[in-house]
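Topology and contacts: notes
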Amino acid sequence: MDATITKAVYAASAVLYVLLVLTIFLRKKLILKRAGKCIFSARPRPAKFSAAIIACAPFIMLFSVFVDLRFYFKWMLCAVALLATEIAVREASTLRSSGVYEKGVVTEGEVILFTAICGAKKGSETGEIRGECIVELDVRGKGMRRISYADEGERDAVLQAIFDVRPQLQH
């Protein structure tokens, strides 16, 4: 019984993995369609981390096949690999498209619409101490959303583009 269920979990995990990876371009297209025309394009982030996770996730699933573990540990390894793939795919879908658009800010696999943003400001002092350049967006219903940028110039340019599109967000 456990072997049959475990085989079904492996098959479902493999199918879900393939579907997740195939949705990268569809996600990008849908996000950019919702965001509108690009106002300011942020510096593209390196794809090494996302690519490494997407490449290693099937090996984690395969590892669970060949190691003698209880079936629920095998299921957990598959679930962790799929969760990591989802996070990597979400981030990879907008790595080259991050920036300010006419309807919102595109970052880390999502678009934060201006209609949901209550305010925008430079990052907290704790981020500045660690050398990070952060934009804090107060998103209605989701709290404070922190977006990290490569340097102060890029962060300030993103903030200026946001304030040019939506001056009422400036506090």
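To keep things clear, this report deals only with the structure shown in the data block. (Residues numbered from 1 in each chain as written. Predicted model: local features only at pLDDT ≥ 70, side-chain atom pairs only at ≥ 80, totals over all residues. Heavy atoms only, no water.)

1. Regarding the side chain of threonine 107
If you trace the backbone, threonine 107 turns up in strand 3 (residues 104-107). Among the residues examined, threonine 107 registers a relative accessible area of 1% and is labelled buried. Excluding residues within four positions of it along the chain, threonine 107 makes contact with Arg45, Thr94, Ser98, Ile112, Arg145 and Ile147. (Helix = DSSP H or I, 4+ residues; strand = E, 2+ residues; numbered from the N terminus. Buried < 20%, exposed > 50% of the residue type's maximum accessible area, 1.4 Å probe, protein only. Contact = heavy atoms within 4.5 Å.)

2. Here we look at the sheet that holds strand 2 (residues 99-101)
Strand order in the open sheet formed by four strands is 1-2-3-4, with antiparallel pairing between adjacent strands. Edge positions in the sheet fall to strand 1 (38-41) and strand 4 (110-113), since each has one partner strand and no second. Across the sheet, the axes of successive neighbouring strands diverge by a mean angle of 20°, strand direction being ignored. As paired elements, strand 2 and strand 3 share two bridges and run antiparallel to each other. Residue pairing in the sheet places glycine 99 in a bridge with valine 106 of strand 3. Packing against the sheet, helix 2 (residues 24-35) makes contact with strand 2, strand 3 and strand 4, and its axis sits at approximately 15° to strand 4. (Pairing = 2+ DSSP bridges. Axes fitted to C-alpha atoms, helices over the stretch in contact; angles between N-to-C directions.)

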